[in-house]
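Now for the letters of each chain:
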2 protein chains.
Amino acid sequence: MTLRRQPTLSDVALRAGVGTTTVSRVINGGDRVSAKTLAAVNHAIAELGFVPNLAARVLKGERSKTIGLIVPSIADPFFASCAEVMQKIARGFGSLVVVCVTGNEPALELENIESLCRRVDGILIAPSQSSSAPLNNRLANLSIPVVSFDQPLNKVDIPGVVTNNFHSAREMTRHLLEHGYERILCIGGEANFHTMLERVRGYTAAMREANQFPLVDTAPRFRSDEETAAVLARHLAGRRPPQAIYGLKNTTAIQTYNALQRFGLRVPQEIALAGHDDFLLASSLRPSVTVVQQPVEEIGRIAARLLFEQLANKAGEPPPERRGSRIMKLQSKLVIRASCGCGEAEPTGMLSNFRRDAQGTVPRDPDE
Amino acid sequence: MTLRRQPTLSDVALRAGVGTTTVSRVINGGDRVSAKTLAAVNHAIAELGFVPNLAARVLKGERSKTIGLIVPSIADPFFASCAEVMQKIARGFGSLVVVCVTGNEPALELENIESLCRRVDGILIAPSQSSSAPLNNRLANLSIPVVSFDQPLNKVDIPGVVTNNFHSAREMTRHLLEHGYERILCIGGEANFHTMLERVRGYTAAMREANQFPLVDTAPRFRSDEETAAVLARHLAGRRPPQAIYGLKNTTAIQTYNALQRFGLRVPQEIALAGHDDFLLASSLRPSVTVVQQPVEEIGRIAARLLFEQLANKAGEPPPERRGSRIMKLQSKLVIRASCGCGEAEPTGMLSNFRRDAQGTVPRDPDE
DNA sequence: CTGTTAGCGCATTCAT
DNA sequence: ATGAATGCGCTAACAG
């Protein structure tokens, strides 16, 4: 009869007729153990179905083989995709991922950091606010490595992965301008976010270049179709209504699409539309929606790799200490579909993934 | 100067001039401690910034305050939404959630169970296969509570939350039949899944009732727009092509939608379409897509509650031992839009959430 | 009400 | 190449 409780290391030692140290050596690589003993111990381990107790290991100062992931929402397709690749990479390193969602509430964010920092080896975080002092400080003082993604952390030297929001927003706006639209309305919520600010900045830059007056509406409320429709209605009722709309994120673009449809406005004939962030079915709508497409999976992959890289360094030789611009910037690309006025292009669904070679790292951006 | 290392319980004890037990009592509720001592200890805790070491607690047999979530994919909107609510509820119980994705690979699923079972208090799992013997057995032998969702576990007495797939599929098929369609094609991949089988069963039942010949195509390949288009092309090329299509899951419905559009077939005039599982923008497409809508968040909420209920029981009085049908069955509802031929109904987006009172538990289903 | 003490399971000196 | 002994930080008997 086997034991009722989980077999421990000393159970194995007893069974194999060796000391606990030897067993410990075996389960940690089997160095400095004779082939014969090794076989005996492995046999005992198999017989008893022994699995090392993680808590005991962690208590001894070992890695917990767990990383934390903090995101505003896991239901958001963008973060869900990130989480998926991150999880995959973590598994490659024998680690699990614990997911915390913050709903963009700074308090919850800090709370999550507290509960994570004592039990994970490192943290991947999509910060709600790039410049929040409490957030930046807390993360900087953590004894475990942290990598940010989606939004950078401005005030501390924490590596991160973002996309060139400024650039791509400017490109998209330029594209709309090339269509001849002059009054382009830029709308979207969460305007306090670094990501959003960058996009607004890119939009504004393009408008200025073209000697057009930037029209930005980042009222706090773009949470539902109704709210967005109400905002739009106001703009459309003006004497010089916008000729095109640039939605700062995918949900805003979707809500705008729905509103325009409800208003009976033909897109792009009566009003054009473009958005930032691709979304499923963007190419199935009629008209299909032109968007800036971020390399979602790349973001997740690279952020996770950065984290495990640090984890590896920590245990071995000291890190390269490449201080300074440790923020990696990936390239988004314009996916031109029909809503901007380009006529039906060939369908480009979200499922047709990003070309690997279309991306790269831009260490420094002369335009910013 | 404070200590370099994290302050421990005995650091606090020293600082407060009390024993370690007292500190332990304080951080565990503060019972049987005088108000004065309590204040002193709390003061010391605050001064030192002490946080209990979880690993040590777990080593002593305490809860890890972590639950495991095993899903086929976290990028799938259905599971992502589930995960979001589950995470929320877990937080209410002071627990974190570690997410494992299996890609529907049984081997990975078992592997994930192994790595989780030693470090979490309980497991929420959306099984890839309801009847897999290794899976059922392993889960049944776990020393921690398990709750399944989406798919039930057939062979063991493990509680679970599912929806009435049979019923709703039958209802949807009946609806299509009422439109006068006779040749209704039922398509979709992953037909080995219990969920899918139930839907096929519901479809078949409705067809039989109406003396129509069931047309089921659950070829293994419905992974991309192209594959689905190829499958459809074959069916449409026949002498008596289908008049309506019932997609067994949301991605299948979406792919079918895209294919029909590519073929230039007008929906629903030339061919009708309905799907199982709602999806974002289903109501924004033209025509909007009629679907069976599952109460996603309810599924997640109830599954999580069931788990924590067991966790609570385990610590206190023994569980009610209500063996037998511990599978909860929630009601899906038909969301009739335009693709079935009903003309433009009022828009019903996914964002307009389920009515709470529209759901319930069906302990036993006389029709099955 | 409070303190002393003994492990939880493991990795790790330091011996041999 | 191997083992005995020690302690990681905490909780729970068991005294007082």
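Bear in mind the structure is a predicted one, so any value in this text is a computation, not a measurement.

> What exactly am I supposed to notice about the overall build of chain A here?
If you tally the helices and strands in chain A, you get twelve helices and twelve strands. Buried positions account for 47% of the 368 residues belonging to chain A. For chain A, contacts bridging at least 24 residues in sequence account for 70% of all contacts bridging at least 6.

> Any chance you could explain the protein's contact with DNA strand C here in plain terms?
Surrounding DNA strand C, one finds 26 residues, the nearest of these being T8(A), L9(A), N53(A), A56(A) and G19(B). The set of elements that each furnish at least two residues to the surface near DNA strand C consists of α2 (20-27) and α4 (54-59) of chain A together with α2 (20-27) of chain B. Classifying every residue of the surface near DNA strand C by side-chain character gives eight nonpolar, twelve polar and six charged.

> I'm lost on the sheet that holds strand β8 (residues 244-247) of chain B in this one. Help?
Sheet strands associate in pairs through backbone hydrogen bonding, adopting either a parallel or an antiparallel arrangement. All names here are of chain B. Taken together, six strands build an open sheet; the order of strands is β7-β6-β8-β9-β10-β12 and the sheet is mixed. Among the strands making up the open sheet, the edge pair consists of β7 (215-217) and β12 (333-335). Strand-to-strand twist in this sheet, taken as the mean axis angle between neighbours without regard to direction, amounts to 20°. Examined bridge by bridge, strand β9 (residues 272-276) and strand β10 (residues 290-293) share three bridges and lie parallel to one another. Residue pairing in the sheet places G275 in a bridge with V291 of β10. Packing against the sheet, helix α11 (residues 250-263) makes contact with β6 (184-187), β8, β9 and β10, and its axis sits at approximately 160° to β9.

> Would you mind going over the relation of the copies chain A and chain B with me for this structure?
Here the second copy of the chain follows from the first by a rotation about an axis and a shift along it. Once turned by 180° and shifted 0.1 Å along the axis, chain A lies on chain B with an RMSD of 0.2 Å. Considering both components of the superposition, the chain copies are consistent with a two-fold axis. Relative to the rotation axis, the C-alpha of V98(A) is the closest in chain A, positioned 1.9 Å from it. Of all interface residues in chain A, 100% are interface residues in chain B too; the two copies therefore contact each other through one and the same surface.

> What should I look at first to understand the domain arrangement of chain A in this one?
Reports often express the size of an interface as the amount of accessible area lost when the parts come together. All names here are of chain A. Looking at the assigned domains, one finds that chain A contains domain 1 (9-52), domain 2 (66-158 + 296-329) and domain 3 (165-295 + 334-357). One C-alpha centre belongs to domain 2, the other to domain 3; they are set 29 Å apart. Counting residues at the interface gives eleven residues for domain 2 and ten residues for domain 3. For the side of domain 2 that touches domain 3, the element with the most residues is helix α12 (residues 296-315), which contributes four residues. In terms of residue class, the side of domain 2 that touches domain 3 is built from five nonpolar, three polar and three charged.

Rules of the game
- Residues numbered from 1 in each chain as written.
- Chains lettered and ligands numbered in written order.
- Predicted model: local features only at pLDDT ≥ 70, side-chain atom pairs only at ≥ 80, totals over all residues.
- Helix = DSSP H or I, 4+ residues; strand = E, 2+ residues; numbered from the N terminus.
- Buried ≥ 20, exposed ≤ 12 C-beta atoms within 10 Å, placed from the backbone.
- Contact = placed C-beta atoms within 7 Å.
- Near = placed C-beta within 6 Å.
- Nonpolar A, V, L, I, M, F, W, Y, C, P; charged D, E, K, R; others polar.
- Pairing = 2+ DSSP bridges.
- Axes fitted to C-alpha atoms, helices over the stretch in contact; angles between N-to-C directions.
- Least-squares fit on C-alpha atoms with pLDDT ≥ 70 in both.
- Domains from an automatic or database assignment.

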